[in-house]
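Residues per chain, in single letters:
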Amino acid sequence: MNQFQEPTHTARAGGQKETSTQTECNARGLSPRLSKVNLFTLLSLWMELFPNNEQKTTQRRRNGLVVVHSSKIIGLHCSSMELHAGQIAVVKHGSRMKDCDLYFSRKPCSTCLKMVLNAGVNRISYWPGDPEISLAEDKLLNDCCSDAKLDAKAVERLKSNSRARVCTLLQPLAYNMLQFVEETSKKCEFLQSIVDLDPDFKLEDFFTKCRRNRLQEFEKLFLIPNSEAHKEILKTVGLENVCDDVHFTNLRHKMEDLVFLLATIDCSVPKYEKFRFYCDSDRACDEHTNNEFQDFARHCMVQARLLAYRTEDQKIGVGAVIWAEGKSSNCDGTGARYFIGCGYNAYPMGSEYADYPQMDEKQQKDREARKFRYIVHAEQNALTFRCQDIKVDEKTMIFVTKCPCDECVPLINNAGIKQIYTGDLDAGKVKADISYQKFSGLQGVRKFTWQKAPINNILTSTNQAVHRKRGQNKCSTLQSTLSTGIMNTAGMCTMGSSTESVPSVESSALGCIANMEDPQSPLAKGDLKRPLKTPKPESQSEELLTSEISEPAFKRRVVEQQFDLQSLVTSVHAVMNDMVDKMKTTMSRLNTSFFDIQNVLDQQLAVLQSSREGASSQTGSVVESSFTQGLSNIGASLQNSLTAAVSDVGCKVQESLQVGFENLGEKIQSTMREGFASLITEHSSSHRNICNRNEDASPTEELNNSSQEVRIHNVSQSLLLHHPSQLSPGSSHESRTPSVVTQIPGGTKTEGR
């Protein structure tokens, strides 16, 4: 694989930005890219779903495992009926596991952990869900002495005493990654092939329904619905540091995103009855009708789809996986099949990303500035970084998400790969600097492409199975094979659930019978390649049997059993007619039942829709009226309250100001009146005293007193002039004090008031 360099982490849960010698595709404007840690985690989860025999109903859960050494995947394993995934890795790799990184889909048990730790691994990462020895049962969580809790304690002790790191590694997805995966999954070659060839196929409805179903399965398998139960399991397995609300919510969010992404990629290669991987040649093979092998091919194609999201090509992501099938089964949960290598398209390892062009032929007209000559293809990376040699005597298969180009076809052919599984939308085309013309003419390698099931595929494979075995029990073999072919054809018609396919079944069966009854047909003669001559008459039969002839022995047996074969054909004809009649009856009953169920469902749906529309309309009107009325009531009440409050405040302020000014005016006026009255009284008393003294004084003294009196009078006048409020209304110079007449020496009189 193209250099998976591991990042450095400082925490058990959560991820930091990764560093790599391989060029990164995190520059601005490029498509989002799946991190290496999340890629290995998703591959381990997907390996847990590897198609195999039924798992025994035990407390031990199936475990998926990805083994990484020096940034290269060297093993994809899953638990078998006898061994755990960790034990299988030790058996397969042994001492080569030293300094490896292991990614488990579940926390391994103590049996596996002690073996992989003893092998000298560098790090063990596991999915933080239910461990391999299940703790999901409520009774197990409450039982302190259960085997699961005892095993969890043993695992913690092993972890604390080892030099290897046993932790959880989950990184957040890149921005807009889920939307990007959904868009590219709908545009992948496998779904587009169905859209192009099946006009009744509705992509959006099919994809949405498929993802919903797969998401329910994955959530039930990989997630724990109850948050409290999940916290208890994390505490039991030694992850107390992620059980607080913030870290636990972050962990659950990352797990849900990865499960959703896996379900979306799984839907890009759907389980569709009409489409499978079929060989382009006319020869029928067991892989066409073997459901288990078809599931295996689909599983490997999803692995390639996961690898495609690690690409450094911002426009086209391609992934490739190489598997081989040995001559005998082994201890692995994958059976006789084992992993060879994988890769994705990227720039050469160790190079700087910005040193190479990023444009294709639609974006860059200059051929020298295009990217095609610099990117290493996914098939080339898979062959370069494979972990095992390709054996010539074993069946080796490569699974590619896109049709191999002219650069990769000769590499695949000369590497010893026997089968190619891919999409073929680009086969025979030339796109600017890339050509796909060599794929169609490739010889020596069987090409399996995603296509619609051929009509006569099952009958052809049945005929070949008949002629592989020749012997004296030829008639019984022929009868059983024909019965099997008819049952398979009936099964296809039943799965299709269409009444139009019944005549095709009958015509195929009758055509097969006609071929048997015709003495010139290859099927009646027992050889598809060399037809026999016309059988001899009965009179010549004994002579033909006793004479030494040069014809093959099987022709002699056909002549001997000619009469028995005619009776067998008649009986088979009758049996097949009965089967066709029963099939017609069954199909008519099924169609009637389907129509009845559909009518009932339509009626229930119409009633439900009408009730929902009525309820929604009533609810909308009630909510709208309540909201409008509530707003009006609130507005009126607020306005009235505000007006009343403002008016009250204004009245109180006005009253307070008026009372204050009135009190202030009265106080000032009374103070001024009292002051002036006291002042006038003092002046009057002083004036009387002066007058009394003048009567007894001498003229000189009288003169002096008079001058002093004049000064006092002038002071009084000035005081009265500065206080007009004390003057009479008639004159501004009148005083309310009694007038005083002063005699000035020299005969002049002066009046004073």
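Residues numbered from 1 in each chain as written. Predicted model: local features only at pLDDT ≥ 70, side-chain atom pairs only at ≥ 80, totals over all residues. Heavy atoms only, no water.

So what about empty space enclosed by the protein? Which residues, and what values?
According to the stated counting rule, one finds four cavities of 30 Å³ or more in the structure shown. Size it by volume and the second largest cavity reaches roughly 80 Å³. If you go around the second largest cavity, the residues you meet are Lys 107, Pro 108, Cys 109, Pro 131, Glu 132, Ile 133, Leu 135, Ala 148, Asp 151, Ala 152, Val 155 and Val 237. The class makeup of the residues in the lining of the second largest cavity is nine nonpolar, no polar and three charged. (1 Å grid on protein atoms, 1.4 Å probe; cavity = no way out; pocket = protein on both sides within 12 Å on 5 of 7 lines; lining within 4 Å. Points joined across faces, edges and corners; volume = space filled by probe spheres on them. Nonpolar A, V, L, I, M, F, W, Y, C, P; charged D, E, K, R; others polar.)

Account for unusual backbone geometry, naming residues and giving values.
Glycine aside, negative phi is the norm for most residues, and most peptide bonds take the trans geometry. Backbone geometry places Ser 70, a non-glycine residue, at a positive phi of 55°. Among the secondary structure elements, Ser 70 is positioned in the loop between β1 (64-69) and β2 (72-78). (Helix = DSSP H or I, 4+ residues; strand = E, 2+ residues; numbered from the N terminus.)

Explain the nonpolar core residue by residue, including any values.
In this structure, Ile 73, Leu 102, Ile 124, Trp 127, Trp 323, Phe 399 and Tyr 421 are the most contacted members of the largest nonpolar core, which totals 103 residues. Residues in contact with Tyr 421, not counting those within four places in the same chain, are Phe 277, Glu 287, Phe 293, Ala 297, Met 301, Met 397, Ile 398, Phe 399, Val 400 and Phe 448. One finds Ile 322, Cys 408, Ile 412 and Phe 439 within the second-largest nonpolar core, a separate group that totals 25 residues. (Core = buried A, V, L, I, M, F, W, Y, C linked by side-chain atoms within 4.5 Å. Buried < 20%, exposed > 50% of the residue type's maximum accessible area, 1.4 Å probe, protein only. Contact = heavy atoms within 4.5 Å.)

Explain the packing of aromatic side chains to me, using residue names and the numbers behind them.
Throughout the structure, instances matching the rule amount to 18 aromatic pairs. Aromatic side chains Phe 190 and Phe 277 sit 6.2 Å apart centroid to centroid with 70° between the ring planes, which places their arrangement in the edge-to-face category. Here the residue Phe 190 occupies a position in helix α7 (residues 189-197), and Phe 277 occupies one in strand β6 (residues 275-279), the gap between them amounting to 87 residues. In this pair, the class of Phe 190 matches that of Phe 277, namely buried. With a centroid separation of 6.1 Å and 45° between ring planes, the pair formed by Phe 293 and Tyr 421 is classed as tilted. Of this pair, Phe 293 sits in helix α12 (residues 291-308) while Tyr 421 sits in strand β10 (residues 419-422); the two residues are 128 residues apart in sequence, bridging distant segments of the chain. Residues Phe 293 and Tyr 421 agree in their burial class; the two are buried. One aromatic cluster is present, built from ring pairs that chain together Phe 50, Phe 190, Phe 275, Phe 277, Phe 293, Phe 296, Trp 323, Phe 339, Phe 399, Tyr 421, Phe 448 and Trp 450. Here the basic side chain of Lys 231 rests over the ring of Phe 248, its NZ or CZ set 5.1 Å away from the ring centre. Its end group placed over the ring of Phe 296, Arg 337 keeps NZ or CZ at 4.4 Å from the ring centre. (Phe/Tyr/Trp six-rings, centres within 6.5 Å; stacked < 30°, edge-to-face > 60°. Lys NZ or Arg CZ within 6 Å of the ring centre and 35° of its normal.)

Describe the sheet that holds strand β7 (residues 319-325), and please don't skip the residues or the numbers.
Strand order in this open sheet of six strands is β6-β13-β10-β9-β7-β8, and the pairing throughout is mixed. On the outer flanks of this sheet lie β6 and β8 (337-344), each paired with one strand and no other. Strand-to-strand twist across the sheet, computed as the mean angle between neighbouring axes with direction ignored, equals 20°. (Pairing = 2+ DSSP bridges. Axes fitted to C-alpha atoms, helices over the stretch in contact; angles between N-to-C directions.)

Pulling in residues and values, what's your account of the layout of surface pockets?
In this model, the second largest pocket occupies a volume close to 1200 Å³. Along the wall of the second largest pocket there are 43 residues; nearest its centre are Lys 315, Ile 316, Gly 317, Val 318 and Lys 402. Of the residues that constitute the lining of the second largest pocket, the class distribution is 19 nonpolar, nine polar and 15 charged.

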